[in-house]
Amino acid sequence: MPMLDKIIFTGPVGAGKTTAIAAISDAPPVSTDVRCTDDTIKMKNTTTVAMDYSYISLDDGARIHLYGTPGQERFNFMWKILARGGIGLVLLVNRDNADPLGNMEFYLDEFDEFARNHAVVIGVTRSGVLDQASIADFQQRLYERKQIFPVFEVDARNSDDIKLLVQALLASLQH
Amino acid sequence: MMTIRLPELQLAAPFLGMHEKGILATAIKKLAQDGVRVRLLPGSLREAHLLVFDLDSKYGQQILKVSRAGQVKLVFAEQPNHGTNLIALAKPPAPAALCDVLRRLFSKMAAQLAEQQAATATAATAGTQTLFSVLLSAKEQGEYLRIQATGCPVVYVDGVQRVIATAATSGTLRKLYTVPFEELRVQILTRADYANASQGLLLSPLYSLLWTAGVECSGGVLLPGHNAYQAVKLRAWPNFSRDNFVASHLKIAAALARQPLNLIKLAELTQLPFEAIVNFYNASYAVDLIDAGDKISAAEPEQRSVSDEARSLFSRIAQRLSLRG
Ligand SMILES: Nc1nc2c(ncn2[C@@H]2O[C@H](COP(=O)(O)OP(=O)(O)O)[C@@H](O)[C@H]2O)c(=O)[nH]1
Ligand SMILES: [Mg+2]
């Protein structure tokens, strides 16, 4: 088994991925090019995607890399790369959006294979008075999909909120 | 507040042969894995709920004579005969049959104990409400409430729409579940009075206060009518927030979201006090997060093997990302 050393942040543009990574990391996030090879198609296809990148350092000096997926694209070609060394997926969905539940499902489908073997947590960001969906709606949709993932209301700007998401990710991997 | 007494079937096995003793010990160990508590008392014939002995042995008939009327006798005999409070198994006892008998006796005893405890709990709590019981009843009966505590703005509860209307912040709301219930003023309102009084106040979901009240005010006592031996499962994770963060809740939620478990097993699996499990369960039940009965499949979850290396890594990450740190 490869060394576990990264956590992936995904979700729609504006959901708070860059903000969330910045909230918990040791250094401001930078954009980095990541090579993705899709060997599920006969003709090998290599793409380079620009991802947000930062890291946290542990007490023994080891680094956990934090990656944020780029703009609106399809990601299912990426899961194999992510699966290598991926601890889990933090999916952020902004609630001030026409279809937050549909957005959640889009990303869960895109990362379906990854989700089956790893932990996933969902952070619902940008909550406000004009919310389209309640937390119960998110819970219900996950229940129907038989994916009982943690889903919390968070503010991506608050480091405790993002820490809570990662703690839940770790808890669901262990118990 | 009273605490739940866990049932335990206590047995004595006077003059039992080595071979049968071995079978009995194995059965007890196996049952323990399923949360069935059976304990072998050393020597004390009188206290045991159950006597296990060889009816055909030198002392068999004598033990039968000196046993209390209420004691159940499980005997091994060439000629298995049943009688009042007497269960006989053919010799040598088959481990499966032995487990089966012990399991049945334990269930019967657990059910009796649960009934007794429910009765005393109802009697004890009839006059002593808590914020939790009041909010839960508002939700279940569709009541409107006005709740006031010194140091906290008035909280209006709409049990129909399941919202609260208040000027209180999450910080001042803490008062409601930290002061003794006697210091709260709780009034039932009519719909019209509620509508008038709550005008212009910010609404928030009743469930977040109800969940916290469940955890804070349950005192380790299971909701009346609920049973620690029934398998349950989380429909969804509670909406945890940084304000009410409790690390052990993540552990409980992770275990109960993954697989159906009864509360006894859940306590064993998470190695948390049974009271903490009960508080979490009550709170989650109150906000409709618990599935039980035919809503859950009994299918065993795939075993998750987490290497020691991974576990140590996860705990170091958790340490680095500890809240308020
Ligand atoms: N009000 C509010 N603003 C947020 C929240 N999360 C992120 N933002 C803001 O939303 C904007 C987009 O965030 P960003 O991290 O760039 O989103 P990304 O596209 O997913 O990387 C930024 O201005 C953030 O400050 C939130 O939970 N509440
Ligand atoms: Mg970004």
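The numbering scheme is per chain: residues are counted from 1 as the chain's sequence reads. The lettering of chains begins at A and the numbering of ligands begins at 1, in the order of writing. In keeping with the predicted nature of the model, local features appear solely for residues at pLDDT of at least 70, side-chain atom pairs appear and are counted solely at 80 or more, and the whole-chain, interface and lining totals rest on all residues. Computation of side-chain values covers all heavy atoms of the structure but excludes hydrogens and water.

Peer 1: Just give me the short version of the interface of chain B and chain A, but keep the residues and values in it.
Peer 2: On the chain A side, the residues contacting the 35 residues of chain B number 35 residues. Each partner contributes to the roughly 3,300 Å² buried at the junction of chain B and chain A, and carbon and sulfur atoms together form 60% of this total. Take a side-chain nitrogen of Lys or Arg and a carboxyl oxygen of Asp or Glu: if they are within 4 Å of each other, that pair is a salt bridge. Counting the contacts that link chain B with chain A gives three salt bridges. With a shortest N-O distance of 2.2 Å, B:Arg316 and A:Asp60 are connected by a salt bridge. Definition of a polar contact: a pair of N or O atoms within 3.5 Å, with one able to donate and the other able to accept a hydrogen when the atoms are protein atoms, and with sequence-neighbouring residues admitted only if both atoms are side-chain atoms. Where chain B touches chain A, the interface holds 15 residue pairs in polar contact (both at pLDDT 80 or more). Helix and strand labels come from DSSP, where a helix needs a run of H or I of at least four residues and a strand needs a run of E of at least two; each type is numbered from the N terminus. Contributions of two or more residues to the side of chain B that touches chain A are made by strand E11 (232–234), helix H8 (247–258) and helix H11 (308–320) of chain B. Two residues qualify as a contact provided that any one of their heavy atoms is within 4.5 Å of a heavy atom in the partner residue. Once two parts are brought into contact, the accessible area they lose, counted with a 1.4 Å probe and summed over both, makes up the buried area.

Peer 1: Quick rundown of the pattern of salt bridges? Include the residues and the values.
Peer 2: Under the definition given, this model contains 17 salt bridges over all chains. In this structure, A:Arg126 engages A:Asp96 in a salt bridge whose closest nitrogen and oxygen atoms are separated by 2.8 Å. You can see A:Arg126 sitting in the loop between strand E6 (119–125) and helix H5 (135–144) and its partner A:Asp96 sitting in the loop between strand E5 (86–94) and helix H3 (100–110), a full 30 residues away along the chain. Residue A:Asp96 is classed as partly exposed on the basis of its relative accessible area of 41%. Between B:Glu268 and B:Arg37 there is a salt bridge; the shortest N-O distance is 3.7 Å. With B:Glu268 in helix H9 (residues 263–270) and B:Arg37 in the loop between helix H1 (18–33) and strand E2 (38–40), this pair connects stretches of sequence that are 231 residues apart. Through salt bridges with shared partners, a single network forms among A:Glu105, A:Asp109, A:Arg141 and A:Arg145. Each residue gets one of three labels from its accessible area relative to the maximum for its type: buried under 20%, exposed over 50%, partly exposed in between, using a 1.4 Å probe on protein chains only.

Peer 1: Any details on the packing of aromatic side chains? Residues and values, ideally.
Peer 2: Residues and elements named next belong to chain B. Two rings from Phe, Tyr or Trp (for Trp, the six-membered ring) form a pair when their centres are within 6.5 Å of each other. A pair whose planes differ by under 30 degrees is stacked, one over 60 is edge-to-face, and the rest are tilted. Taken as a whole, this structure holds twelve aromatic pairs over all chains when the rule is applied. Ring geometry for Trp211 versus Phe240: centroids 5.6 Å apart, planes at 75 degrees, classification edge-to-face. Here Trp211, found in helix H7 (residues 206–217), pairs with Phe240, found in the loop between E11 and H8; they are 29 residues apart in sequence, far enough to count as distant. Note on Trp211: relative accessible area 7%, which makes it buried.

Peer 1: Break down the confidence of the model for chain B for me, with residues and values.
Peer 2: Values of pLDDT, ranging from 0 to 100, describe the predictor's confidence in every residue of the model. Summary statistics for chain B give a mean pLDDT of 87 and a share of 92% for residues scoring 70 or more. Prediction confidence for the complex, expressed as pTM and ipTM, is 0.77 and 0.92 respectively.

Peer 1: For helix H1 (residues 17–24) of chain A, give the residues involved together with the corresponding values.
Peer 2: What H1(A) keeps buried is the set A:Lys17, A:Ala20, A:Ile21 and A:Ile24. For H1(A), the arc enclosing every buried residue in end-on projection is 95 degrees, short of the 170-degree limit, so these residues lie on one face. Note that the arc is computed from the directions linking the helix axis to the C-beta atoms.

Peer 1: Describe in detail the sheet that holds strand E4 (residues 72–77) of chain B, supporting the description with residues and values.
Peer 2: Within a beta sheet, neighbouring strands are joined by backbone hydrogen bonds and run either parallel or antiparallel to one another. Residue and element names in this part refer to chain B. With respect to topology, five strands assemble into an open sheet ordered E2-E1-E3-E4-E5, the strand pairing being parallel. Whereas interior strands pair on both sides, the edge strands pair on one side only; in this sheet they are E2 and strand E5 (86–90). The average angle at which neighbouring strand axes cross in this sheet is 25 degrees, direction not considered. As paired strands, strand E1 (residues 9–12) and E2 are joined by three bridges and run parallel to one another. Considered in E2, the bridge of Leu9 is made with Val38. Sitting on the sheet, H1 is in contact with E1, E2 and E4, with an inclination near 145 degrees to E2. For two strands to be treated as a pair, DSSP must find no fewer than two bridges joining them. Interaxial angle, 0 to 180 degrees, is taken between N-to-C directions of lines fitted to C-alpha atoms, where a helix line uses only the stretch in contact.

Peer 1: Quick rundown of the site of ligand 1? Include the residues and the values.
Peer 2: All names here are of chain A. Taken together, 14 residues form the shell around ligand 1, and within it Gly14, Lys17, Thr18, Thr19 and Arg126 come nearest. Between an oxygen atom of ligand 1 and a main-chain N or O atom of Ala15, the distance comes to 3.3 Å. A distance of 3.2 Å separates a nitrogen atom of ligand 1 from a polar atom in the side chain of Arg157. Tallying contributions element by element places H1 first for the shell around ligand 1, with three residues. Grouping the constituent residues of the shell around ligand 1 by class yields five nonpolar, five polar and four charged. Being near a molecule or strand, for a residue, comes down to having at least one heavy atom within 4 Å of it. Polar here means any residue outside two lists: the nonpolar Ala, Val, Leu, Ile, Met, Phe, Trp, Tyr, Cys and Pro, and the charged Asp, Glu, Lys and Arg; Gly therefore counts as polar.

Peer 1: Which residues make up unusual backbone geometry, and what are the values?
Peer 2: With omega at -15 degrees, the peptide bond leading from B:Lys91 into B:Pro92 counts as cis. If you trace the backbone, B:Pro92 turns up in the loop between E5 and helix H3 (95–125). The residue A:Arg126 is not glycine, and still its phi comes out positive at about 50 degrees.

Peer 1: I'd like to hear about the pairing of strand E4 (residues 63–68) of chain A, residue by residue, with values.
Peer 2: Residue and element names in this part refer to chain A. Most of E4 is tucked away: five of the six residues are buried. As paired elements, strand E1 (residues 6–10) and E4 share four bridges and run parallel to each other. Directly across from Lys6, in E4, lies its bridge partner His65.

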